[in-house]
Amino acid sequence: MKKIILAVIASAAALAGTSAYADDAGTGYVGVGAVGSKYEFNAPNAVSGENHSGYKAGGKIYGGYNIDQTWAVEGGYTDFGKKSYNYTAGGLPGGVHTDAHSYYLAGKGTWPVNQQIALTGKLGVARNTNEVSTSGISSVNGDKNKTALYASVGAEYAVTNNVKVSLEYEHYGKNDIDTGRKSGAVTAGVRYAF
């Protein structure tokens, strides 16, 4: 029985040593992602055949440096895409058009569950920009910027030691113009370590 227990412990130790996250210390990485975010437009007294809320796909590029197998520093750029909403209010046509993006810098924690799967969390700051133009009764135009808290939770799957795919929920914070994009997004990404 002791030999079986020792064999199990030795096998577990050998497998732990082959974890795709064990060699991350001192490596950099770059990645890309597809971002899905929710939009919601609320024009007062608006009548429209269009849905005033929905989802929009965007893109993300990012890079980071693994300080060790648990901690990293990451920065990136997220383009939430452009979204428009056309409506009629008081018998007059109107519309809202938004174009939102964000830069972020965060600390990242990675906690392996097994050899290929890890849970992740990030905490940092985001610089959000939302360009809004309107026509009709509502009149909000401008390019508003705001620095806000950035946070995310997610999971990664190691395809190889260098290639990892991820799925995460990211919170970017709100912008000064409270029109259009909501503060959260779901991101599916792939990254390559070098």
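Draft legend 1. Here's a closer look at the overall build of the protein. Looking only at helices and strands, one finds one helix and eight strands in the protein. For the protein, the succession of helices and strands along the chain, N to C, is α-β-β-β-β-β-β-β-β. The proportion of buried residues among the 194 residues of the protein is 39%. Taking the intrachain contacts of the protein between residues at least 6 apart in sequence as the baseline, contacts between residues at least 24 apart amount to 63%.

Draft legend 2. Seen up close, the pattern of salt bridges. Counted by the stated rule, this structure contains seven salt bridges. Across the salt bridge formed by Glu168 and Lys122, the nearest N and O atoms sit 3.1 Å from each other. Here the residue Glu168 occupies a position in strand 7 (residues 163-171), and Lys122 occupies one in strand 5 (residues 117-135), the gap between them amounting to 46 residues. Taken together, the salt bridges that share partners define one network made up of Lys60, Glu74, Lys122, Glu168 and Glu170.

Draft legend 3. How the structure looks around the nonpolar core. Core analysis: the biggest nonpolar cluster contains 20 residues, and Phe80, Tyr104, Tyr150 and Tyr172 have the highest contact counts within it. For this core, the secondary-structure elements that each account for two or more residues are strand 1 (28-40), strand 3 (71-89), strand 4 (92-112), strand 5 and strand 8 (180-193).

Draft legend 4. Representation of the packing of aromatic side chains in the model. By the definition in use, this model includes six aromatic pairs. On the numbers, 5.9 Å between centres and 90° between planes, the contact of Trp71 with Trp111 is edge-to-face. Remark: Trp111 occurs in strand 4 and Trp71 occurs in strand 3; sequence separation between them is 40 residues. What makes Trp71 partly exposed here is its relative accessible area of 45%. A relative accessible area of 42% means that Trp111 is categorised as partly exposed. Between Tyr150 and Tyr172, the aromatic rings sit 5.3 Å apart at their centres with planes inclined by 65°, giving edge-to-face as the arrangement. Of this pair, Tyr150 sits in strand 6 (residues 142-158) while Tyr172 sits in the loop between strand 7 and strand 8, and the two are 22 residues apart along the sequence. Residue classification places Tyr172 among the buried residues on the basis of a relative accessible area of 0%. Each residue in the set Phe80, Tyr104, Tyr150 and Tyr172 is aromatic and connected to the rest through ring pairs, giving one cluster. When the ring centre of Tyr21 is taken as origin, the NZ or CZ atom of Lys164, which lies over that ring, is 4.9 Å away.

Draft legend 5. Summary view of the side chain of Lys60. One can find Lys60 in strand 2 (residues 53-66). Separated by 3.3 Å, the side chains of Lys60 and Tyr104 make a polar contact. Of note is the side chain of Lys60, whose polar atom sits 3.5 Å from the side chain of Glu168.

Draft legend 6. Molecular detail of the environment of Leu167. Tracing the backbone through its elements, the reader meets Leu167 in strand 7. Here Leu167 is in contact with Gly154, Ala155, Val186, Thr187 and Ala188, once residues within four sequence places are set aside.

Draft legend 7. Main features of the confidence of the model for the protein. Averaged over all residues, the pLDDT of the protein is 83; the fraction at 70 or higher stands at 77%. Per-element confidence in the protein ranges from a low mean pLDDT of 47 for helix 1 (residues 2-17) to a high of 97 for strand 7. A low-confidence stretch, residues 6-17 (pLDDT under 50), is modelled with three contacts involving residues beyond four sequence positions or located in other chains.

Rules behind the numbers
- Along each chain, the written sequence defines residue order, and numbers are assigned to residues from 1.
- Confidence filtering applies because this is a predicted model: local features only for residues at pLDDT of at least 70, side-chain atom pairs given and counted only at 80 or more, and all residues used for totals across whole chains, interfaces and linings.
- The side-chain figures draw on all heavy atoms in the structure; neither hydrogens nor water molecules are used.
- A run of H or I in DSSP becomes a helix once it reaches four residues, and a run of E becomes a strand once it reaches two; helices and strands are each numbered from the N terminus.
- Only protein chains enter the accessibility calculation, which uses a 1.4 Å probe. A residue is then buried if its area is under 20% of the maximum for its type, exposed if over 50%, and partly exposed in between.
- Here, two residues are considered to be in contact whenever any of their heavy atoms come within 4.5 Å of each other.
- The salt bridge definition used is simple: a Lys or Arg side-chain nitrogen within 4 Å of an Asp or Glu carboxyl oxygen.
- Working definition of a nonpolar core: buried Ala, Val, Leu, Ile, Met, Phe, Trp, Tyr and Cys residues. They are joined through side-chain atoms within 4.5 Å.
- Working definition: rings of Phe, Tyr and Trp (its six-membered ring) pair if their centres are within 6.5 Å, and the pair is stacked with planes under 30 degrees apart, edge-to-face with planes over 60 apart, and tilted otherwise.
- Remark: a charge is flagged as sitting over a ring if the NZ atom of Lys or the CZ atom of Arg is within 6 Å of the ring centre and within 35 degrees of the ring normal.
- Polar contacts, as used here, are pairs of N or O atoms within 3.5 Å; protein pairs need one atom able to donate a hydrogen and one able to accept it. Residues neighboring in sequence count only if both atoms are side-chain atoms.
- You can read pLDDT as the predictor saying how much it trusts each residue, on a scale of 0 to 100.

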